[in-house]
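Coordinate inspection notes
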Amino acid sequence: MSSEMGHRLDPIDWEEYRQQLHGLLDHCVDTMRNCRNLPWRPPPEDLFEKSRLRGDGYVEESLCVRLEDDDECSSPLKSVQEMILQNIMPYSTGNTHPQFMGWVHGAGIPSALVADIVASVMNCNCGGRNQGAADIEKACIEWLCWKAGYYDIHESIDPFGVLTGGTSQATILALMAARTRVCGYSVRQEGIQGMKPVRVYVSEAAHSCIYRAMECLGHGSNSVKKISVCTKTGRMKSNMLEVRLRQDVEAGIVPMAIIGTAGTVTIGAYDDLIGLSSLARKYNTWFHVDAAFGFWTRLSAENDIRRLTDGIHLSDSIALDAHKWPGVQYDCGALIVQDKKHLRATLASRPAYLTSAPDGLAGGDTWFTDYSLDLSRNFRALKLWTVIKAAGSRAIGSTVTDNCRLAAYMGELVASSSCIELAAPVQSNICCFSLISQYESVLNVTQIASALQMRQLGVFSTVSLGERQCLRAAIVNHRTTMKDVEDMIFAVESCLEEFIKAQ
Ligand SMILES: *Cc1c(COP(=O)(O)O)cnc(C)c1O
């Protein structure tokens, strides 16, 4: 046995480790502060070669200690840290930059760094047991339920939820709860054979995670029925939904859930949640809301923005992402539900080696594993709690408001441009626009988006709306300013002119 036993993976010199971490932290704080200097750039082509863990991949071969009988080498942590800072850290997605508007990516919040460091040091396994982390997660869940308006319904309500890796995972949990409510708990033991066919109903603009959840649950993606949307508002047509519900019920198909989208990924449209909730009640089905980013409109002080999610408290469940609009570092999503007991009855299953004790570490009245598919899980609650505690809902709500106003401003700039035009009205924080038709026939938006990204002139993503290909900006970054919006539209126009000339 080696004399290193018991500490061979710890630093040999803790003081040296401390110094090194101080240096790292300075570099990290500078990087966050100077995020404007760090747009997305393509990762170097040899990064994989340089980072390979088997073979001779390591750059600083001189520092490498070759392991006996092994095709690997170990390096002092100091040189590994240097490699991270030089060769890995500069190649992020670029979503910390104020001119990143692709997809819906949160920017990251400095206060959460504090939490991430502490969570890493604590290294809790948050599946269960009697530990402080559970109280912090409970506090986050209670706050989310409160902001959703769940406590406004009636006094006896007992809402709850669980933090997840994101809305995709939360959607799976929500639909599992929908299924046990509508079809009974026996599916837990018996599976889906013998069950009647089920359907869930979504807007045609709903996110792909719903289709994947139904695949995962064993019903297949064909069990998701797309309902067409009103061209003006982008909302699911409730009359079409009701026609479909009636037909399905007559055909012996069980409506398992109606899923409203609060903030579509295409144009940022919001379904009529009040209308959908009454249909759900009428047809005895579960009402789930995919509010991945739209949930946060609840925090805006402006009526026109908050109104977008009116009625969300009438839902049975909500999936949402703190890693989107509030910018909490990845990953941090959540599922919240109105009925805690039911969620537990859907998901809890503990074998003998995981039973609770009245006291001691195996105690604790809330084990989050009983509400989720994870057993081992990290302490993501701490970063969410820290951001909420340090910023307060008002500051997060003001970012939501500002971002929506910026999207509207971008819409105005587009409307007054001679080479691009709005593809859909700006309803919240998303602005979609296309090239005017004579440009559209010779250029495509993907070319434009890539050229701007490669030149570090801002990140748009692309989307097709009907026949039209669009550039799409989703603004969720608290650092974005009017000048950023102006610069990005100017960059689009200049790029278009250049490409047209080169034709
Ligand atoms: C981002 C998003 C999702 C998926 O969420 P993840 O956190 O990426 O799993 C689902 N629905 C909508 C509306 C989204 O914007």
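Structure: above.
Here is a short report on the structure shown in this document. In this text the structure is predicted, and so the values were computed from the model without any measurement.

Calculation rules
- Residues numbered from 1 in each chain as written.
- Predicted model: local features only at pLDDT ≥ 70, side-chain atom pairs only at ≥ 80, totals over all residues.
- Heavy atoms only, no water.
- Helix = DSSP H or I, 4+ residues; strand = E, 2+ residues; numbered from the N terminus.
- Buried < 20%, exposed > 50% of the residue type's maximum accessible area, 1.4 Å probe, protein only.
- Contact = heavy atoms within 4.5 Å.
- Patch = residues over 30% accessible without salt bridge, like charges linked within 9 Å, V, L, I, M, F, W, Y side chains within 5 Å.
- Areas by Shrake-Rupley, 256 points an atom, 1.4 Å probe, with all protein chains shown as cover.
- Salt bridge = Lys/Arg side-chain N within 4 Å of Asp/Glu carboxyl O.
- Near = heavy atom within 4 Å.
- Polar contact = N/O pair within 3.5 Å; in protein donor to acceptor, adjacent residues only side chain to side chain.
- Nonpolar A, V, L, I, M, F, W, Y, C, P; charged D, E, K, R; others polar.
- Phe/Tyr/Trp six-rings, centres within 6.5 Å; stacked < 30°, edge-to-face > 60°.
- Pairing = 2+ DSSP bridges.
- Axes fitted to C-alpha atoms, helices over the stretch in contact; angles between N-to-C directions.

Brief notes about the environment of I388
Relative to the helices and strands, I388 is located in helix α13 (residues 381–415). The class for I388 is buried, based on a relative accessible area of 13%. Placed 161 residues apart in sequence, I388 and I227 show a C-alpha to C-alpha distance of 36 Å.

Some thoughts on helix α8 (residues 209–216)
Those residues of α8 that sit buried are C209, I210, Y211, A213 and M214. In this structure, the buried side of α8 is in contact with α6 (167–183), β4 (198–203), β5 (224–227), β6 (254–261) and β7 (286–290). Backbone geometry just downstream of α8 places G218 in the positive-phi region, at approximately 95 degrees.

Re a nonpolar patch on the surface
Residues L25, V29, V114, I117, V118, V121 and M122 make up a contiguous nonpolar surface patch of roughly 600 Å² in combined accessible area. If you list the elements that add at least two residues to the nonpolar patch, you get α1 (14–33) and α4 (110–122). The biggest single contributor to the nonpolar patch is α4, with five residues. Looking at where L25 falls in the secondary structure, it is placed in helix α1. For L25, a relative accessible area of 35% puts it in the partly exposed group.

Thoughts on the site of the ligand
Around the ligand, the structure places 13 residues, and the nearest of them are S168, D290, D321, H323 and K324. One of the side-chain nitrogen or oxygen atoms of D290 is found 2.6 Å away from a nitrogen atom of the ligand. A distance of 2.7 Å is found between an oxygen atom of the ligand and a side-chain nitrogen or oxygen belonging to D321. For the ligand, whose free accessible area comes to 380 Å², the fraction covered by protein is 84%. A breakdown of the residues in the shell around the ligand according to their chemical character gives four nonpolar, six polar and three charged.

Quick look at unusual backbone geometry
In this structure, the amide linkage connecting Y330 to the following residue, D331, adopts the cis form with an omega of -15 degrees. Along the chain, D331 falls in the loop between β8 (317–321) and β9 (333–337). Positive phi values are uncommon outside glycine, yet N284 reaches one of about 55 degrees. By the element assignment, N284 lies in the loop between α10 (273–282) and β7. For N284, a relative accessible area of 66% puts it in the exposed group.

A closer look at the packing of aromatic side chains
Within this structure, the stated rule accounts for eight aromatic pairs. Aromatic pair F293 and W325: ring centres 6.2 Å apart, planes at 65 degrees, arrangement edge-to-face. Residue F293 is found in the loop between β7 and α11 (303–306), and its partner W325 is found in the loop between β8 and β9; the two are separated by 32 residues along the sequence. The class for F293 is buried, based on a relative accessible area of 1%. Aromatic side chains F433 and F460 sit 5.5 Å apart centroid to centroid with 90 degrees between the ring planes, which places their arrangement in the edge-to-face category. You can see F433 sitting in strand β11 (residues 430–435) and its partner F460 sitting in the loop between α15 (445–454) and β12 (461–465), a full 27 residues away along the chain.

A look at the sheet that holds strand β13 (residues 468–474)
Spatial strand order, β10-β11-β13-β12: four strands in an open sheet with antiparallel pairing. Among the strands making up the open sheet, the edge pair consists of β10 (420–422) and β12. Going across the sheet, the axis of each strand differs from the next one's by a mean of 40 degrees, ignoring polarity. The pairing of β11 with β13 spans four bridges and is classified as antiparallel. Residue I430 lies in a different strand from β13, and its bridge partner there is A474. Across the sheet, α13 touches β10, β11 and β13, and the angle it forms with β11 is around 20 degrees.

Some words on the sheet that holds β9
If you walk across this open sheet you meet the seven strands as β3-β9-β8-β7-β6-β4-β5, and the pairing is mixed. Two strands in the sheet have a free side with no partner beyond their single neighbour: β3 (160–164) and β5. The mean inter-strand angle of the sheet, taken between neighbouring strand axes irrespective of direction, is 20 degrees. As defined by bridge partners, β7 adjoins β8 across three bridges and the pair is classed as parallel. Residue pairing in the sheet places D290 in a bridge with A319 of β8. Together, β6 and β7 form the strand contacts of α10, whose direction differs from that of β7 by roughly 155 degrees. Its contacts with the sheet place helix α12 (residues 340–347) against β3, β7 and β9, and it is angled at close to 115 degrees to β9.

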